[in-house]
Amino acid sequence: MRLIVQSLATGRFLAPSQEDGQPEWVRSLAQAGGGVVDDAERAVQLLHDYADADDEPVIVDLDVLGTADDTDEHQSHFVAGNGEGDH
């Protein structure tokens, strides 16, 4: 499982800064490689700690993109109220 936090509002991804390692929003998935985590709890924690409701944050499972499991229902099981600002 490879998970990443994405902002539906901006399309950006949450990833560690190249300068100090603190999470920041980046435009390119290529830049966000360090933001990929393999633990759902860690992904949820990143979302809660660094995303605002205005970001409309979601957790994306990169391993299911383009597969039969690539559905909103599959993606939303990571966070109750995924993207609804309940943090």
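Residues numbered from 1 in each chain as written. Predicted model: local features only at pLDDT ≥ 70, side-chain atom pairs only at ≥ 80, totals over all residues. Heavy atoms only, no water.

A. Broad picture of the nonpolar core. Formed by Leu-3, Val-5, Leu-14, Val-37, Ala-43, Val-44, Leu-46, Leu-47 and Ile-59, the largest nonpolar core amounts to nine residues. At the level of secondary structure, the elements contributing two or more residues to this core comprise strand 1 (3–7) and helix 1 (40–50). For this core, the element with the highest residue contribution is helix 1, accounting for four residues. Filtering out sequence-adjacent residues up to four positions away, Val-37 remains in contact with Met-1, Arg-2, Leu-3, Arg-42, Ala-43 and Leu-46. (Core = buried A, V, L, I, M, F, W, Y, C linked by side-chain atoms within 4.5 Å. Buried < 20%, exposed > 50% of the residue type's maximum accessible area, 1.4 Å probe, protein only. Helix = DSSP H or I, 4+ residues; strand = E, 2+ residues; numbered from the N terminus. Contact = heavy atoms within 4.5 Å.)

B. Looking closely at the side chain of Asp-55. As for its position among the elements, Asp-55 is in the loop between helix 1 and strand 4 (57–61). For the buried Asp-55, no salt bridge exists, and the shortest N-O distance to an oppositely charged side chain is 8.4 Å, to Arg-12. Apart from the residues lying within four places of it in its own chain, the contact partners of Asp-55 are Ser-7, Leu-8, Ala-9, Trp-25 and Tyr-50. (Lys, Arg positive; Asp, Glu negative; His and termini not counted. Salt bridge = Lys/Arg side-chain N within 4 Å of Asp/Glu carboxyl O.)

C. Looking closely at the pattern of salt bridges. Under the criterion given, the structure shown has one salt bridge. Here Arg-2 and Asp-63 are joined by a salt bridge, their closest N and O atoms 2.6 Å apart. One end of the pair, Arg-2, is in the segment before strand 1; the other, Asp-63, is in the loop between strand 4 and helix 2 (72–76), and 61 residues separate them in sequence.

D. Looking closely at the environment of Asp-55. With a relative accessible area of 16%, Asp-55 lands in the buried category. Between the C-alpha atoms of Asp-55 and Gly-11, which are 44 residues apart in sequence, the distance is 9.0 Å.

E. Local environment of the side chain of Asp-61. Here Asp-61 is to be found in strand 4. For Asp-61, which is buried and forms no salt bridge, the nearest opposite charge comes from Arg-2, at a distance of 6.4 Å. In terms of polar contacts, Asp-61 uses its side chain to reach the backbone amide nitrogen of Asp-63, at 3.0 Å. (Polar contact = N/O pair within 3.5 Å; in protein donor to acceptor, adjacent residues only side chain to side chain.)

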